[in-house]
Amino acid sequence: MKISEVSFTADVLTVTWQDGSASRFHGMWLRDNAQGSDYRHPDNDQRLFDLTEVPADSHIADAALRDGQVQVHFQPEKIAVGYPASYLHQYAYDRPDGSDQQVWGAALSDSLTRHSYEQVLADPAARLHWLEDAVDKGIALLTGVPCEPGQVMKTAEIFGFVRETNYGRLFEVRSEPNPVNLAFTPVGLNVHTDNPYRDPVPGLQLLHCLVNDAEGGQSVFVDGFRTATLLRQEDPEAFRLLSTYSLPFRYREPGTDLQSRKRLIEVDDRGRITAVRYNNRSAAPMDLPFDVAGDFYRAYRKFADLLHQEDGELRLKLMPGELVLFDNERALHGRTGFSGGARHLQGCYADKDALRSMRCVLTNEMREAAE
Ligand code: OGA
Ligand code: ZN
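A. Examining the sheet that holds strand E4 (residues 59–66) more closely. Spatially, 3 strands are ordered E4-E5-E6 in an open sheet, and the strand pairing comes out antiparallel. The sheet is open, and its two edges are formed by E4 and strand E6 (79–84), each paired on a single side. The sheet shows a mean angle of 25° between the axes of neighbouring strands, direction not considered. Examined bridge by bridge, E4 and strand E5 (residues 69–75) share 7 bridges and lie antiparallel to one another. Within E5, the residue paired with Ile60 across the bridge is Phe74.

B. Structural view of helix H7 (residues 224–234). Three or more residues of H7 are buried, namely Gly224, Phe225, Thr227, Ala228 and Leu231. Mapping the buried residues of H7 onto a view down its axis gives an arc of 160°, with all of them on the same face. If you follow the buried residues of H7, they end up packed against strand E14 (219–223), helix H8 (236–244), strand E17 (265–267), strand E18 (273–276), helix H9 (290–307) and strand E21 (331–335). For H7, the side-chain oxygen to backbone nitrogen distance between the N-cap and Phe225 is 3.0 Å, and the N-cap itself is Asp223.

C. Here's a closer look at the site of ligand 1. In the region of ligand 1, the neighbouring residues are Val173, Ala183, Leu189, His192, Asp194, His333, Arg335, Arg343 and Leu345. A distance of 2.7 Å is found between an oxygen atom of ligand 1 and a side-chain nitrogen or oxygen belonging to Arg335. Between ligand 1 and Arg343, the relevant distance is 2.7 Å, taken from an oxygen atom to a side-chain nitrogen or oxygen of the residue. Protein chains shield 96% of the accessible area of ligand 1, which is 290 Å² for the free molecule. Breaking the shell around ligand 1 down by element, the ones donating at least two residues are strand E11 (189–192), E21 and strand E23 (343–350). Its residues placed into classes, the shell around ligand 1 shows 4 nonpolar, 2 polar and 3 charged.

Analysis parameters
Chains are numbered independently. Their residues run from 1 in the order of the written sequence. Chain letters and ligand numbers both follow the written order, the letters beginning at A and the numbers at 1. Owing to the predicted nature of the model, reporting of local features is limited to residues with pLDDT of at least 70; listing and counting of side-chain atom pairs is limited to 80 or more, with chain, interface and lining totals taken over all residues. In computing side-chain properties, one takes all heavy atoms of the structure into account and sets aside hydrogens as well as water. Should DSSP find at least two bridges between two strands, the strands are taken to pair. Every helix listed is a DSSP run of H or I at least four residues long, and every strand listed is a run of E at least two residues long, numbered separately from the N terminus. As a rule, the C-alpha atoms of each element are fitted with a line to give its axis, helices using only the stretch in contact, and angles between N-to-C directions run from 0 to 180 degrees. For every residue, the accessible area (1.4 Å probe, protein chains only) is compared with the maximum for its type, and the residue is labelled buried under 20%, exposed over 50%, or partly exposed between those bounds. Within this analysis, the arc is defined by the directions that extend from the helix axis to the C-beta atoms. Contact between two residues is taken to exist if any of their heavy atoms lie within 4.5 Å; hydrogens are not considered. Polar contacts here mean pairs of N or O atoms no more than 3.5 Å apart (in protein, one a potential hydrogen donor and the other a potential acceptor; neighbouring residues in sequence count only if both atoms are side-chain atoms). One heavy atom within 4 Å of a molecule or strand is enough for the residue carrying it to be called near that molecule or strand. Per-residue and other accessible areas were derived by the Shrake-Rupley procedure at a 1.4 Å probe size, with only the shown protein chains allowed to occlude residues. Three classes are used: nonpolar for Ala, Val, Leu, Ile, Met, Phe, Trp, Tyr, Cys and Pro, charged for Asp, Glu, Lys and Arg, and polar for all others, with Gly counted as polar.

Geometric values such as these leave the question of function open.
See the structure below:
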């Protein structure tokens, strides 16, 4: 977008765009983001100075449009810095807060895209579509993953790194003798996010189905962001309590005693929902201040009721060769009980930063290839 006009005061530059909209920039923001090799390393674009090296009274002495760039003169340093219009447009922060979060409920059961493993490996565009589902919806389904042990880790390595834990690099989900975890029994599992007792909580989980001959053993997923949004609309006080107070979580087995405190709903500094945790199995005895605990339980119950509503449940029976990748701080997962046959999944954890990074890299590659 081209710039039609600039104006300034000592503290604020105002850029008017060709479409008539305007963006304001603080002088200190411009100084901090000074462009050019005096301020950024030419090879890696990292900043070469610290904010403490900028005079505290740095201000805009002049600003003008020149060859599509905005030239800003700063005093008392007596320096001139040019900002390309594209840079200012990309990083304009003077805009209303908005959330473009997509949320989903039961209807996704019929419309969840089945991404082909073969294509994801062979074609960067197919890989990008798969990763976009994982980032935007918090859940993505792959089909045709070879039914061989360890493939779940190979799949995580398409975009990032396996997060090893005390369960190992991967964990087996099947009925075991003397199970250390309810997951390793044929019992149904209430919807939950995994491992809120870890710090940090695993951001992503992958579950790969190797065998599912059992009766039952259907998977259930719930969009925790949709549910938290509903709670905020229906009961703002409950939302406030769950996003303010953290609960203790604990997991013990011989040689391991993991403990952490987590909020059930996390919001960022602008109130956007960024994480949901819910795990009835590993919630430790609640220890909130006595005067809060009663109201907290009412809020907790309300949230739990909403999480168990059928219209929020994506249900599918994972079949051999299918692999589900999901945001473990957003998409709750569970299963119905099973009997009468074998069921074997392999799972592993990974982190969201690598997923988002790969998505950005592929998006940029696609854009450059199209230009
Ligand atoms: C788990 C789990 C789901 C399943 O192991 O934590 O949720 O489908 N398993 O068995
Ligand atoms: Zn689980």
